[in-house]
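The chain contents come next:
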Amino acid sequence: RTLRARGLHLLPGVIDSHVHFRTPGLTHKEDWAHGSRAAAAGGVTTVIDMPNTRPALHTVERAHQKAELIEGTSLVDFRFHFGVSPHTVETIRDLSPRVATSVKVFMTGHHTAPDVIHDPKVLARVFAVAAETGIRLVLHAEDDGVFALLDRRQGTPRHYDQYERTRPRSGGIVAVTKIIELVRRYGTAAHVLHVSSAEEADLLAAARHIGLPITYETTPHHLSFTAADTHRLGARIRLSPAIRHSDDQQRLWDALVGGEISTLGSDHAPHTIEEKSRPAPDAPPGLPGVQELLTAVFTGLRRRFPHTSVDDSLTLLARVCSAEPARLFGLDQQKGSLTEGLDADLVLFDPEATWLMSARHAHTKNHWSAYEGWTFTGRPTTTIRRGEIIWDGTSFGPAGGVWLDARNPLATEEPATPHHPRATREPAPA
Ligand code: DOR
Ligand code: ZN
Ligand code: ZN
């Protein structure tokens, strides 16, 4: 089959290191067949899935069960961030290095996270154990105590707009401050997720300046929407952390272009339209975004930095959407080696395409997008996962995505404890 690529740019496949594909237990919101198609249509070839499923992902055993559920349904390759609850802190030691490079810590929960670490002593223990084990923490950095205080003072407001306006940015600032202090104390590798405010970006820049091993992510939606869009989009852009103001957004764009931000994660966290239509505060936070990730941020770069060349914009995206997530989460090892050959995970991207985003284009299970009505610039026209075309601009290839940990040479070693099954992989379906 001949691929036409004249005028197109060839990029490394996007690694989206922050998705919630909802298996097991929450598959009315999303499943791997739909989520991975949305990914493929967005130029994504690998995703790292979050652990806040039902049940949550705490053990290697559950990771094997989860991988079994997924294989044969996913177009893209995948791995998992493991969860931790106040009762499972010491078991972080069992995870590494066989199937985990990362543990997700929720410092707040709201509707969606079953395992929140509130107790400062437990949080400190997580940082200590992770540092000893050599595993990276990825953190949802919002301080629950700040929300509780506010709810006690004001009662929980019922009206959506009012609720959104009163959600304190201080919750994020307090949490990021705690993280910096704990990294300073224990030396833990920490990656702060979905950073949303200018103050958090300033704190993280200072931490990096003094050489602490802290990196951070922001999301396409924090770069694309502001609180002013809430009037139009309502709970569709209700998120945790919340969408902030235009000065925050400007600070995040400057951080992205200035090299302060390590990764872009879509935080693809779909809910049904019915769930999102509930009156606040019952509408759950989160929106789908794996399909929009590359195109939405490219669109923003072209509009906000028109004097930056297309090449420079795409080079930046290749760094934060592929190279850095690969480095932080060990995918450079699991995707082959420079001597033995690397997986052909590639995207052909048309930087000149302009097109109207509509629900019709949204491949996520519930077929909605906060970007409906946006005119996007740029489009992934072909997505190739390990040499196989999984998206050709109109249709999808086979669901041959694999659990990358099963390819890790370390994963086939005898497990440290007998109750953990060996990592073996079923042959991929034909
Ligand atoms: O907006 C969010 N949605 N933030 C989270 O932390 C969880 C996520 C979800 O799982 O829906
Ligand atoms: Zn989160
Ligand atoms: Zn998330």
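Quantities reported herein were computed from a predicted structural model and do not represent experimental measurements. (Residues numbered from 1 in each chain as written. Chains lettered and ligands numbered in written order. Predicted model: local features only at pLDDT ≥ 70, side-chain atom pairs only at ≥ 80, totals over all residues. Heavy atoms only, no water.)

Caption draft 1: Up close: the coordination of the zinc ion (ligand 3). Looking at the metal site, the zinc ion (ligand 3) is ligated by His18 (NE2), His20 (NE2) and Asp267 (OD), spaced 2.0 to 2.1 Å from it. Expressed as a motif, the donor residue spacing for the zinc ion (ligand 3) is H-x1-H-x246-D. (Donors = N, O, S within 2.8 Å, 3.2 Å for Na, K, Ca; no water.)

Caption draft 2: Looking closely at the site of ligand 1. Taken together, His20, Arg22, Asn52, Phe106, Thr112, His140, Leu239, Ser240, Ala269, His271, Pro285 and Gly286 make up all the residues around ligand 1. Histidine 20 has a polar side-chain atom sitting 3.3 Å from an oxygen atom of ligand 1. One of the side-chain nitrogen or oxygen atoms of asparagine 52 is found 2.9 Å away from an oxygen atom of ligand 1. If ligand 1 stood free it would expose 290 Å²; the protein chains cover 99% of that surface. For the shell around ligand 1, the per-class residue count stands at 4 nonpolar, 7 polar and 1 charged. (Near = heavy atom within 4 Å. Polar contact = N/O pair within 3.5 Å; in protein donor to acceptor, adjacent residues only side chain to side chain. Areas by Shrake-Rupley, 256 points an atom, 1.4 Å probe, with all protein chains shown as cover. Nonpolar A, V, L, I, M, F, W, Y, C, P; charged D, E, K, R; others polar.)

Caption draft 3: Looking closely at the side chain of serine 313. For serine 313, the position within the fold is in helix H14 (residues 310-328). On the basis of relative accessible area, serine 313 is assigned to the buried category, the value being 2%. When near neighbours in sequence (up to four residues on either side) are disregarded, serine 313 contacts Phe298, Leu301, Arg302 and Thr308. (Helix = DSSP H or I, 4+ residues; strand = E, 2+ residues; numbered from the N terminus. Buried < 20%, exposed > 50% of the residue type's maximum accessible area, 1.4 Å probe, protein only. Contact = heavy atoms within 4.5 Å.)

Caption draft 4: Representation of the nonpolar core within the structure. Judged by nonpolar contacts, the single largest core of 83 residues is most densely connected at Ile179 and Leu317. Ranked by residue count, the leading element in this core is helix H4 (residues 120-133), at 7 residues. In this structure, isoleucine 179 is in contact with Met107, Phe127, Leu139, Ala141, Ala190, Val192 and Ile214, ignoring residues within four places of it in sequence. Core analysis: the second largest hydrophobic core is formed by 15 residues, Leu233, Ile243, Ala296 and Trp368 among them. (Core = buried A, V, L, I, M, F, W, Y, C linked by side-chain atoms within 4.5 Å.)

Caption draft 5: Focus on the packing of helix H13 (residues 293-304) against H14. At their nearest, the axes of H13 and H14 sit 10 Å apart, and the two run at 140° to each other. Comparing the axis directions of H13 and H14 gives the class oblique. As H13 packs across H14, the resulting crossing turns out to be right-handed. Packed against H13, whose contacting residues are Leu294, Val297, Phe298, Leu301 and Arg302, the element H14 presents Val310, Ser313, Leu314, Leu316 and Leu317 at the interface. Broken down by class, the residue content of the contact of H13 with H14 amounts to 8 nonpolar, 1 polar and 1 charged. (Axes fitted to C-alpha atoms, helices over the stretch in contact; angles between N-to-C directions. Parallel < 35°, antiparallel > 145°, perpendicular 65-115°, else oblique. Left-handed = near helix turned anticlockwise from the far one by under 90°.)

Caption draft 6: Quick peek at the packing of aromatic side chains. A full pass over the atoms with the stated rule returns 13 aromatic pairs. Arranged with centres 5.0 Å apart and planes meeting at 75°, the rings of tyrosine 371 and tryptophan 374 form a pair that is edge-to-face. Side by side, tyrosine 371 and tryptophan 374 carry an identical accessibility label, which is buried. Above the plane of the ring of tryptophan 355 lies arginine 379, whose end atom (NZ or CZ) is 4.1 Å from the centre. (Phe/Tyr/Trp six-rings, centres within 6.5 Å; stacked < 30°, edge-to-face > 60°. Lys NZ or Arg CZ within 6 Å of the ring centre and 35° of its normal.)

Caption draft 7: Representation of the pairing of strand S13 (residues 346-356) within the structure. Relative to S13, strand S1 (residues 9-12) runs antiparallel, the two being bridged by 4 bridges. Pairing of proline 12 across the sheet is with leucine 346, part of S13. Bridging between S13 and strand S14 (residues 375-385) involves 8 bridges; their strand directions are antiparallel. The residue bridging leucine 356 from the neighbouring strand is threonine 375, located in S14. (Pairing = 2+ DSSP bridges.)

The quantities given are spatial measurements derived from coordinates; they are silent on function.
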